[in-house]
Amino acid sequence: MNKILYFIIYSWTYLHALLSFRALYVLSDILYFWVYIVAGYRLKVVRTNLFDSFPEKSKKELRAIEREFYHHFCDYFVETIKLLHISDEEMSKRMKFENMELVDELMKNGNSILMFLGHYCNWEWVTSINLNFRDKENVILAQIYKPLKNKAFDDLFLKIRSRFDSMGIPRYETLRAIVKLRRDKMQTMVGFMADQLPSINNIHYWTTFLNQDSAVFTGVERIAKQTGFAVVYLDMQKESRGHYRATVRLISDNPVEDPEFKITETYIRAMEKTILRKPAYWLWTHKRWKRSRQEVAEMQHHHK
């Protein structure tokens, strides 16, 4: 049954991927009407998140961000579909990476890199960074992902995300996979989207993020300290519809020596700065702040 469902979904998606960007953005505008105006998809969550994150902004300003967010959200959807049928050349023109010399410098002695990014701009297009490594042996781009409950949709997204030969690692296999890559003497740059709410068992650190008391995922820092891998942040910007620029910024080239939580805090501050520059391009539909510090403490105590 899953194979049949996958075939149907893949065929539908691939047919849409054959469309030009101009046609896809017409589709995006139609989706905007249905997703935002008619269905109000997660509108209450979006409004609560925006109101709590920007208490200084007027209702008019918040509504403007809200509308722009939903426009971008629909663009993200059609752009992601396009990954099934886009040339390397066109992808390179639309998704540009800056400061890649920092990556070369960090990797020149056989080191590997952990890369922080967030649900900002079009994070699915970040896998095209692999186009910069195709002339290098024993270098692989990997991404940590949360498997979807529906097998057909999970298979489809894995196919989309591997368009540029990147390796998908289920989040529950993260450390094991990274250790294996290192044992096999493979240099790797592993991407982590660590801007959303961690699971209860993975909450070890709290900070202020977008004006709110926020639990923060510390797994990347722990892995960096165990492996010694350098840590970078990918700062994304949307230049125009379907055109993005991402700049690699150093967080730590010696994580073993960094004080506890410094790497995590540096990432959160960088992610916040990116969002504040242009708030509409972050994923506001996520229930990022659904649990309070007290609630988490009680749940963690109960699990012991």
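Treat the numbers as computed from the prediction; the structure is a model and nothing was measured.

Cut-offs used in this document
Residues numbered from 1 in each chain as written. Predicted model: local features only at pLDDT ≥ 70, side-chain atom pairs only at ≥ 80, totals over all residues. Heavy atoms only, no water. Helix = DSSP H or I, 4+ residues; strand = E, 2+ residues; numbered from the N terminus. Rg over C-alpha atoms; globule rule 2.2 N^0.38 Å. Buried < 20%, exposed > 50% of the residue type's maximum accessible area, 1.4 Å probe, protein only. Contact = heavy atoms within 4.5 Å. Areas by Shrake-Rupley, 256 points an atom, 1.4 Å probe, with all protein chains shown as cover. Phe/Tyr/Trp six-rings, centres within 6.5 Å; stacked < 30°, edge-to-face > 60°. Pairing = 2+ DSSP bridges. Axes fitted to C-alpha atoms, helices over the stretch in contact; angles between N-to-C directions. Core = buried A, V, L, I, M, F, W, Y, C linked by side-chain atoms within 4.5 Å. Parallel < 35°, antiparallel > 145°, perpendicular 65-115°, else oblique. Left-handed = near helix turned anticlockwise from the far one by under 90°. Nonpolar A, V, L, I, M, F, W, Y, C, P; charged D, E, K, R; others polar. Salt bridge = Lys/Arg side-chain N within 4 Å of Asp/Glu carboxyl O.

(A) The overall build of the protein, seen in detail. Within the protein, the secondary structure is distributed over 11 helices and nine strands. For 304 residues, the compact-globule formula gives about 19 Å, and the C-alpha radius of gyration of the protein, at 20 Å, lands near that figure. In terms of its C-alpha atoms, the protein occupies a principal-axis envelope of roughly 50 × 50 × 40 Å. Looking at the protein residue by residue over its 304 residues, the buried ones come to 50%. Long-range pairs, those at least 24 residues apart, make up 79% of the contacts in the protein with a sequence separation of at least 6. In the form shown here, the protein has an accessible surface area of approximately 15,600 Å², with 54% of it arising from carbon and sulfur atoms.

(B) Spatial organisation of the packing of aromatic side chains. On inspection of all chains with the given rule, the structure shows 22 aromatic pairs. Measuring from centroid to centroid gives 6.1 Å for Phe-21 and Trp-125, while their planes differ by 80 degrees, and the two rings are edge-to-face. Taken together, the residues Phe-21 in helix 2 (residues 21-38) and Trp-125 in the loop between strand 2 (113-117) and strand 3 (139-145) connect sequence positions 104 residues apart. Of the two residues examined, Phe-21 and Trp-125, each falls in the buried class. Look at Tyr-32 and Tyr-36: their rings are 5.3 Å apart centre to centre, the planes differ by 40 degrees, and that puts the pair in the tilted class. Of the two residues, Tyr-32 and Tyr-36 both sit in helix 2, four residues apart, roughly one turn of that helix. With relative accessibility at 12%, the residue Tyr-32 sits in the buried group. Judged by relative accessible area, Tyr-36 falls into the buried class, the value being 10%. Aromatic rings pair up to connect Tyr-32, Tyr-36, Tyr-41, Phe-69, Tyr-70, Phe-73, Tyr-76 and Trp-123 into one cluster.

(C) Seen up close, the sheet that holds strand 8 (residues 230-240). Pairing is mixed in the open sheet, where seven strands are placed in the order 1-9-8-2-5-3-4. The sheet is open, and its two edges are formed by strand 1 (95-98) and strand 4 (167-170), each paired on a single side. Each strand of the sheet is rotated relative to its neighbour by a mean of 30 degrees, with strand direction disregarded. With nine bridges joining them, strand 8 and strand 9 (residues 243-252) adopt antiparallel strand pairing. Across the sheet, residue Val-232 finds its bridge partner in strand 9, namely Leu-250.

(D) Structural detail: the nonpolar core. Counting residues in each nonpolar core, the largest one holds 89 residues, and the members touching the most others are Leu-114, Phe-116, Met-189, Leu-234, Met-236, Trp-282 and Trp-284. With nine residues, helix 4 (residues 59-82) is the single largest residue contributor to this core. Residues contacting Leu-114, with those up to four places away along its chain left out, are Ile-178, Val-190, Phe-192, Val-220, Ile-223, Ala-224, Phe-229, Ala-230, Val-231 and Val-232. Judged by nonpolar contacts, the second largest core, of six residues, contains Leu-197, Ile-200, Ile-203 and Val-296.

(E) The packing of helix 2 against helix 4, seen in detail. Close contact between helix 2 and helix 4 brings their axes to 8 Å; oriented N to C, the two are set at 135 degrees. Overall, the two elements helix 2 and helix 4 adopt an arrangement that is oblique. Here helix 2 and helix 4 pass one another in a crossing that is right-handed. Facing Phe-21, Leu-24, Tyr-25, Leu-27, Ser-28, Asp-29, Leu-31, Tyr-32, Val-35 and Tyr-36 of helix 2, the residues of helix 4 in contact are Glu-66, Arg-67, Tyr-70, His-71, Cys-74, Asp-75, Phe-77, Val-78, Glu-79 and Lys-82. Residues of the contact of helix 2 with helix 4, tallied by class, amount to 12 nonpolar, two polar and six charged.

(F) Highlighting the pairing of strand 7 (residues 212-217). Bridge count between strand 6 (residues 203-209) and strand 7: five bridges; the pairing is antiparallel. Within the sheet, the bridge partner assigned to Ile-203 lies in strand 7 and is Phe-217. The turn linking strand 6 back onto strand 7 is made up of two residues, and Leu-210 within it adopts a positive phi angle of 55 degrees.

(G) View of the pattern of salt bridges. In the structure shown here, the tally under the stated rule is 20 salt bridges. We note a salt bridge from Glu-90 to Arg-94, for which the minimum N-O separation is 3.2 Å. Placement of both Glu-90 and Arg-94 in helix 5 (residues 88-94) is noted, with a separation of four residues, approximately one turn of the helix. Note on Glu-90: relative accessible area 29%, which makes it partly exposed. The class for Arg-94 is buried, based on a relative accessible area of 13%. Asp-235 is paired through a salt bridge with Arg-249; the nearest N and O atoms lie 3.1 Å apart. Here Asp-235 is found in strand 8, whereas its partner Arg-249 is found in strand 9, with 14 residues between them in sequence.

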